[in-house]
Structure formats: structure tokens, C-alpha cells
Amino acid sequence: MVAYDRTALTARPRHALARWWTRGLSRTVTCSALLFASALPGGGAFAQAVTLAAPPTSVTGPIAETAANVLYQGLNIIEGAVPVTAFPYVTEEFFVSGTAGGQPYATRMLVRRPRNVADFSGVVVAEAMHPSGRALIFEWSRESVLTRGHVFVEIPTSAANIASMRAFNDARYSTLAIPLASQANEIIAQFGALMKTNGRPGGWLPGYGVRKVTLMGTSASSGTVRNFMAVHPTVRLNDGKTGPVYDGYLVTSTNGNTKLPFLDVPIIQMPTQTEVRTWAEEGIQYRRSDGDEPNNQFRLYEVAGMAHNNARENPGFLGDPCTKPVSSFPAGAFTALALNHLVQWVDKGVKPPHAPAPITTDGNTFGDGSFLALDANGNATGGIRNVYVDVPTATYGVFGDGRFAADAPQAEKDRLNRLCLLVGTEVKLSQEALARLYPGGPAEYQAKVAARLDTLIAEGWFLPEYRKFVTADVAAAQIPAPAGNVAGNPMSSGGGALGGSALAVLAGLAALGLARRRL
């Protein structure tokens, strides 16, 4: 058990979703003047007075866990999904307290670290907890974070976060409290200072040499991170060089239609197809050009087919709660992709690739009722490409509706409509359409997916640790057999009827045949 004290060193949107996001940002982005000042390259924010961030006053832990006193994991994944315990990691919890905004606070710090210090990448990946009580980007991207040896730190910053923990285990968390929303920035700064000054004897992460620390958030917690980004230029480390508290930022499913500030550290912004559709009619204002200058290190990554919320491993979407099939698009593979590019950028100086284009809008509502420009299969054009939209078996859309009985309580209707509004839809292409796309049947489809996936991985647009997601989806695809196959032919059924080894053989043979035809 470690217990030690530290003292401080010195135009109105018309769409319902757009209106909700605007209201949310008005509550979370409180430093609007500073945000505006830093919204120009080398803006005036960098000349303002600097506050030196100090670690929290007290850090106690790890807090013991027993069968009767279980810690809150802040994850919600379906049975059968790969758990954190499948990796050689240790999960520990510390209780952290101090003063922020002139008021005391007490919260927890959840740490997931490699069991063997030699496996540590040198990078701490921190995330502001979502108001739902979960670290959503970590939940979605956990396999990549843990495969690559990063330390993960979750930062609860609000009364809602504390309420989620207390609802799970009130006896364990009854002493925790964050009384004011305005304390969030100082709490985040103190956590960052703590992570940057770890490793001293008896500290929270002894022996782990931390080189860099990043901060991320999605949806509502992207607003929390944006709020801190607004004060990034003036809240600095007490390291003798007034260096940055955080070395880079990742925000995904980003709320609001305003540009992110220009900072002296890398930023990756990943709006989804939901955000593009939301703001297309009003005019997309959040986009800005990529940059590699010292005060403008920025990438904008819009992923075609990706929705605001990730349903792939989320038990909340079991039981068919929406009127259209819920998307199985692997959003976590793409938040992990963005995070990996950010980590390589801040730690190794490897500049990420530039997205080929943003998701395309065309100013008309043909197809899905939105201003998105769609291809012949109903999928978005432009953006970061992937096998799901480039070698499709379905149309990937956004803005679903809840499924409920006519006499359901209004609160339940509202809950389901909101749930389905934020998740993607996945409407399978007809067998006739699939036959036209893949006249060679399952083998042709599998070969096209394999070739496209290899290209995307080589170009830096897909991580190899998520190849298994694609493999599973290819195996489940029901591709019609080539015309002329007779009953009993193993290719006369859809791809899902074939075992993994047969799929691999067919894909290899098909790829060889295609290569020969090109010679």
C-alpha cells in the first residue's frame, strides 16, 4: 500500500442531434475566450500567464480488492469478447484527492499496467471518463492498447462519474466526491502532472519510465478533453521548462461544429459519419487543414461507415432494440488506429498519413435523406476507406430509430430512440446485388477483401491486430455461389458455411488466379 502526500507547486442547428450537441458544448467548453485566442496558428493564447500544474495532494493505493469489495472496471462488453484479463496486465486502483477550483475533491485513478515492466512502451494513455461511467475509447480499443504495452489511466472528472462508481459499490466509493463541474480542468492537470512525475520510490508506478502521456475522449468526454485543450497553452508542467502536461490529444465522435485549437502538441480528431451527416446541412465548420508546424500538428480522420457509438461488442444492443439492424462495424479498430498514429507521433516523431479526403457531401438528400454523397451500394464516399465500404456486403448508415410498442412509456421510447440515433445501421445487400458485385462467388469476395486489407495495413489505415475482426466477418458473409454451381458443390452455399481453413484456401487460390490474369 502506497500512501503519500504532495503539496502544490506554483447559426442555430436544426437537427435534434445538432441541437443536443450544441447544448452539451455550451456546458462543457467554458473557456471560450481562450479557445478563440488559440484557434489561430501561434495564437495569442501562448503569450498568456502560465499556471504550473502540480500533482494531487494525496494518492493512496493500490486499494485492496476482495470478493466482497470489488472495484469498478468501467467497461461494458458482451460475453465472449476479449477481456482485459486475457493480457499480461495488472489493474490497480488509487484514491486521489486534492483541491481544484478552490474546493476539495476526492476521486479514483484506475491504472492498467503491463505486469512485466520490460513490456512497457513508455507511453501512458489517459482517458477522461465518459458521463456513462466508462472509458469508452479504451473499451473499444483495449486489445490494441494492451497488445502494444501502453499503461492506461482512467480519469473520472465529474459527479456523474462518481455516481456510476457508487451505484456499483457504494461502500467502496462513499468517500469520493467531485462537487463542481468547473473542477474538471484542474483535476485533469493534476493527474497529468502525477503521470509525468511517476517512478520515485513508493510512487504509483515505480520503475516504469514514462516518456510521454496522451489524453483522449469520445462524444461527451471529447467535450471534457476539448475544455482542457482550451487551457493547454497556459497550464504547464513545473519541470523547469514549462513543458506541456499532455503530449498529444485524441478526440473521437466529436461534439460540436467548431474547429479545435492550434496547440504545440499533436492532435488527431476523428469525427464519424454521424457528425458529418449532422452538420452537413448547416455547413461543416469543424474541418481544418492538416498541419505539421510546431503550433499546428493536426490530422482530421473521418471514417466512412463509422457511427458515433460502437455497437459491435456492446450488450446494450442485444435483443434488436432498433428498427434497422444495428451495425457491427468495428469502430474500435479505428479509434485504435488513430491512437496508434498519435502515440507514434508524440513518442517517435513519426508523422501520421494524411487522410485521402474527408467524407463527401453533395448538397442533396438522395438515397438516405442526408447530404452525404453515396456510392452505388448506399455507402459514404470519401473519408478513410476500409474493407466494409470498399468490398461491401451491406450499406452502413447512421441515425437509427428505436423499436418499441406503440403503448410503451414515453421515457422508454426516448431512451431507445436516443440509443439508436447514435449507433450505426447495417442493411445487408440483396443476394442479387452481391451476385453482381462478386460473380465469382465467395472465393472472389474473399480474395478482394484480402487484397484490400493488405493494402490498407501497408498504407497505415488498418492495424494488424484487428485483422481477426475482418476474418470473422468474411467467414460469416453469405455470398451467392457462382452461376452454374450445382447442389452439393461446397461453393454453392454462402461464405459462412465454410470453415476457416477452407476460406483461407479459397482466398489463396482466388488471389493466385487473379494475379495470373493480370500478368
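Right above here is the structure, for reference.
Residues numbered from 1 in each chain as written. Predicted model: local features only at pLDDT ≥ 70, side-chain atom pairs only at ≥ 80, totals over all residues. Heavy atoms only, no water.

Our focus in this paragraph is the overall build of the protein chain. In terms of regular secondary structure, the protein chain is built from 15 helices and 15 strands. Burial statistics for the protein chain: of 519 residues in total, 55% are counted as buried. Taken as a whole, the protein chain presents about 21,000 Å² of accessible surface, with 57% of it coming from carbon and sulfur. (Helix = DSSP H or I, 4+ residues; strand = E, 2+ residues; numbered from the N terminus. Buried < 20%, exposed > 50% of the residue type's maximum accessible area, 1.4 Å probe, protein only. Areas by Shrake-Rupley, 256 points an atom, 1.4 Å probe, with all protein chains shown as cover.)

Throughout the structure, instances matching the rule amount to one disulfide. Across the disulfide, C322 is cross-linked to C420 (sulfur-sulfur distance 2.0 Å). Handedness of the C322-C420 disulfide follows from its S-S torsion of about -90 degrees: it is left-handed. In this pair, C322 is assigned in the loop between β13 (296-300) and α9 (331-348) and C420 in helix α11 (residues 410-421), connecting sequence segments 98 residues apart. Each member of the pair C322 and C420 is classed as buried. (Disulfide = S-S within 2.5 Å.)

In this fold, T218 is placed in strand β8 (residues 212-218). Taking the relative accessible area as the measure of exposure, T218 reaches 1% and is therefore buried. Ignoring any residue separated from it by four or fewer positions in sequence, one finds T218 in contact with H130, L136, I137, W140, T252 and S253. (Contact = heavy atoms within 4.5 Å.)

So, on to the packing of helix α3 (residues 136-147) against α9. Put simply, α3 and α9 touch, their axes get as near as 8 Å, and they point 70 degrees apart. For the element pair α3 / α9, the angle class is roughly perpendicular. Of the two possible hands of crossing, α3 and α9 adopt the one that is right-handed. Mapping the contact onto sequence places I137, W140, S141, S144 and V145 in α3 and G332, T335, A336 and L339 in α9. (Axes fitted to C-alpha atoms, helices over the stretch in contact; angles between N-to-C directions. Parallel < 35°, antiparallel > 145°, perpendicular 65-115°, else oblique. Left-handed = near helix turned anticlockwise from the far one by under 90°.)

With that settled, the discussion passes to helix α14 (residues 467-476). Turning to α14, its buried residues number three or more, namely F469, V470 and V474. Each buried residue of α14 lies within a common arc of 130 degrees when the element is viewed along its axis, so the set occupies one face. Buried-residue contacts for α14 involve α3, α10 (387-390) and α13 (442-458). (Arc of directions from axis to C-beta.)

What follows deals with the pattern of salt bridges. Counting across every chain of the model gives 24 salt bridges. Between R142 and E313 there is a salt bridge whose closest N-O contact spans 2.9 Å. Linking R142 in helix α3 with E313 in the loop between β13 and α9, this pair joins segments that are 171 residues apart in sequence. Each member of the pair, R142 together with E313, is buried. If you follow the salt bridges from partner to partner, you end up with E93, R108, E154 and R172 in one network. (Salt bridge = Lys/Arg side-chain N within 4 Å of Asp/Glu carboxyl O.)

Moving on to the nonpolar core. Counting 120 residues, the largest nonpolar core has V153, I155, M195, Y246 and Y249 as its most contacted members. With 11 residues, the single largest contributor to this core is α9. Apart from residues lying up to four places away in sequence, I155 is in contact with A126, E127, A128, M129, I187, I188, F191, M195, L215 and Y246. In terms of nonpolar packing, the next biggest core, distinct from the first, is built from seven residues, A311, F317, C322 and C420 among them. (Core = buried A, V, L, I, M, F, W, Y, C linked by side-chain atoms within 4.5 Å.)

Next up on the list: the environment of S164. Here S164 shows up in helix α4 (residues 159-168). For the pair S164 and G74, spaced 90 residues apart in the sequence, the C-alpha separation amounts to 8.6 Å. If we skip the residues at most four places from it in the chain, S164 touches Y72, P131, S132 and G133.

Once that is clear, we can look at the packing of aromatic side chains. Evaluated as defined, the whole model comprises 14 aromatic pairs. Considering the side-chain rings of F95 and Y173, the 6.2 Å spacing of their centres and the 55 degrees angle between planes classify their relative orientation as tilted. With F95 in strand β4 (residues 89-100) and Y173 in helix α5 (residues 170-173), the pair connects residues that are 78 residues apart, well separated along the chain. Of the two residues, F95 and Y173, neither departs from the other in class, the shared state being buried. Aromatic pair Y388 and Y396: ring centres 6.1 Å apart, planes at 85 degrees, arrangement edge-to-face. Here the two residues Y388 and Y396 agree in accessibility, since each one is buried. For the cation-ring pair, R288 lies above F262, with the distance from its terminal atom to the ring centre recorded as 3.9 Å. (Phe/Tyr/Trp six-rings, centres within 6.5 Å; stacked < 30°, edge-to-face > 60°. Lys NZ or Arg CZ within 6 Å of the ring centre and 35° of its normal.)

Here we come to the side chain of R385. The topology assignment puts R385 in the loop between α9 and α10. Residue R385 is classed as buried on the basis of its relative accessible area, which comes to 18%. Among the polar contacts listed, one links the side chain of R385 to the backbone oxygen of G382, at a separation of 2.7 Å. Those residues in contact with R385 that lie beyond four places of it in its chain are A304, A380, D390, R452 and L456. (Polar contact = N/O pair within 3.5 Å; in protein donor to acceptor, adjacent residues only side chain to side chain.)

Any functional reading would require information beyond the geometric quantities listed.
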